[in-house]
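Fold and contact review
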Amino acid sequence: MGSAIAKTFIDRGYRTTVWNRTLSKAMPLVDSGATVAASAAEAAAASPLVVVCLLDGAAVDEVLASVDAAVAGKVLVNLTSGSPHQARANDRWARERGATYLDGKIMGDPPNVGTPHVMLSFSGSRKAIDAHGSTLGELGTVTYHHHGGLRRGRAGHHRSKTLTGAGRVPYGMRPAPGRP
């Protein structure tokens, strides 16, 4: 799923930086126009919007520990399937490092990313969704639940069993010249 997300941003003209623990898995994205980062922290530092889509919460915890201060001043979006408790913990982690957090759930299959057939449900900072909602909307149909919803784990209530396995591709992206 992470590769499909990154590929959609690349195809839509966004400069995209990718990182993967296994470099060879990032190479198709590089061939499509992405920049490969040597570390997750380098990928996070590359953009004001950092999107993470990993296998599970344990993988998110491991990657977040490695990016630490690189997320300061960034909007961190986590599209990894997880619990409301994990969403609240990630929000707290981000705030402690000066980042803004959006928790998201993605419902659909990788080939459909970038179409209305993929639904994304976000909860967290209203300021972050206002700033990056149109960019995130490139991935599919977006719904937003106010910040109080994150505290109650509302985005997580919209998870679907249609979620697919996610690749380990956290990435940063920023609009290409001429893009909003």
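Definitions and limits used
- Throughout this description, residue numbers start from 1 for each chain and increase along the sequence as written.
- Residue-level local features of this predicted model are given only where pLDDT is at least 70; pairs of side-chain atoms are given and counted only at 80 or more, and the full residue set underlies all totals for whole chains, interfaces and linings.
- The side-chain values count all of the structure's non-hydrogen atoms but skip hydrogen atoms and water molecules.
- Numbered from the N terminus, helices here are DSSP runs of H or I no shorter than four residues, and strands are runs of E no shorter than two.
- Buried means the residue's accessible area, taken with a 1.4 Å probe over protein chains only, is under 20% of the maximum for its type, while exposed means over 50%, and partly exposed covers the values in between.
- Two residues form a contact once any of their heavy atoms are found within 4.5 Å.
- Working definition of accessibility: Shrake-Rupley area with a 1.4 Å probe, residue cover restricted to the visible protein chains.
- Each salt bridge in this description consists of a side-chain nitrogen of Lys or Arg and a carboxyl oxygen of Asp or Glu lying within 4 Å of one another.
- Strands pair, by our definition, only if DSSP identifies at least two bridges between them.
- A clockwise course of the path from the first strand over the helix to the second, judged with the strands pointing away from the viewer, identifies a crossover as right-handed.
- Buried Ala, Val, Leu, Ile, Met, Phe, Trp, Tyr and Cys residues form a nonpolar core when they are joined through side-chain atoms within 4.5 Å.

**Notes on the overall build of the chain**
A count of helices and strands for the chain gives seven helices and eight strands. Looking at the chain as a whole, 51% of its 180 residues are labelled buried. Within the chain, counting contacts between residues at least 6 apart in sequence, those at least 24 apart form 69% of the total. For the chain, the computed accessible surface area is about 7800 Å², with 54% contributed by carbon and sulfur atoms.

**Topic: the pattern of salt bridges**
Summed over all chains, the structure comprises eight salt bridges. Where Glu 138 meets Arg 12, a salt bridge forms, and the shortest distance between an N and an O atom there is 2.9 Å. One end of the pair, Glu 138, is in the loop between α6 (126-136) and β7 (141-145); the other, Arg 12, is in the loop between α1 (2-11) and β1 (14-18), with 126 residues separating them in the sequence. Between Arg 97 and Glu 96 there is a salt bridge, with its nearest N and O atoms 3.4 Å apart.

**Some words on the pairing of strand β5 (residues 100-107)**
Burial within β5 is extensive, with seven of its eight residues counted as buried. Two strands pair when backbone bridges link them, and strand β4 (residues 75-78) and β5 are joined in this way by four bridges, in the parallel orientation. Note on β5: the bridge partner recorded for Leu 76 is Tyr 101. Considered for its hand, the β-α-β crossover made up of β4, helix α5 (residues 84-96) and β5 is right-handed. Two elements, β5 and strand β6 (residues 119-124), share six bridges in a ladder whose sense is antiparallel. Residue pairing across strands places Met 107 opposite Met 119, the latter belonging to β6.

**Focus: the nonpolar core**
Ranked by size, the top nonpolar core spans 22 residues in total, and within it Ile 5, Val 77, Leu 79, Leu 102 and Phe 122 carry the most contacts. The set of elements that each furnish at least two residues to this core consists of α1, β3 (49-52), β4, β5, β6 and α6. When sequence neighbours within four positions are dropped, the list of residues in contact with Leu 79 reads Ile 5, Val 51, Val 52, Cys 53, Gly 104, Lys 105, Ile 106, Leu 120, Phe 122 and Leu 139. Grouped together as the second largest cluster of nonpolar side chains are 20 residues, Ala 43, Ala 59, Val 63 and Ala 94 included.

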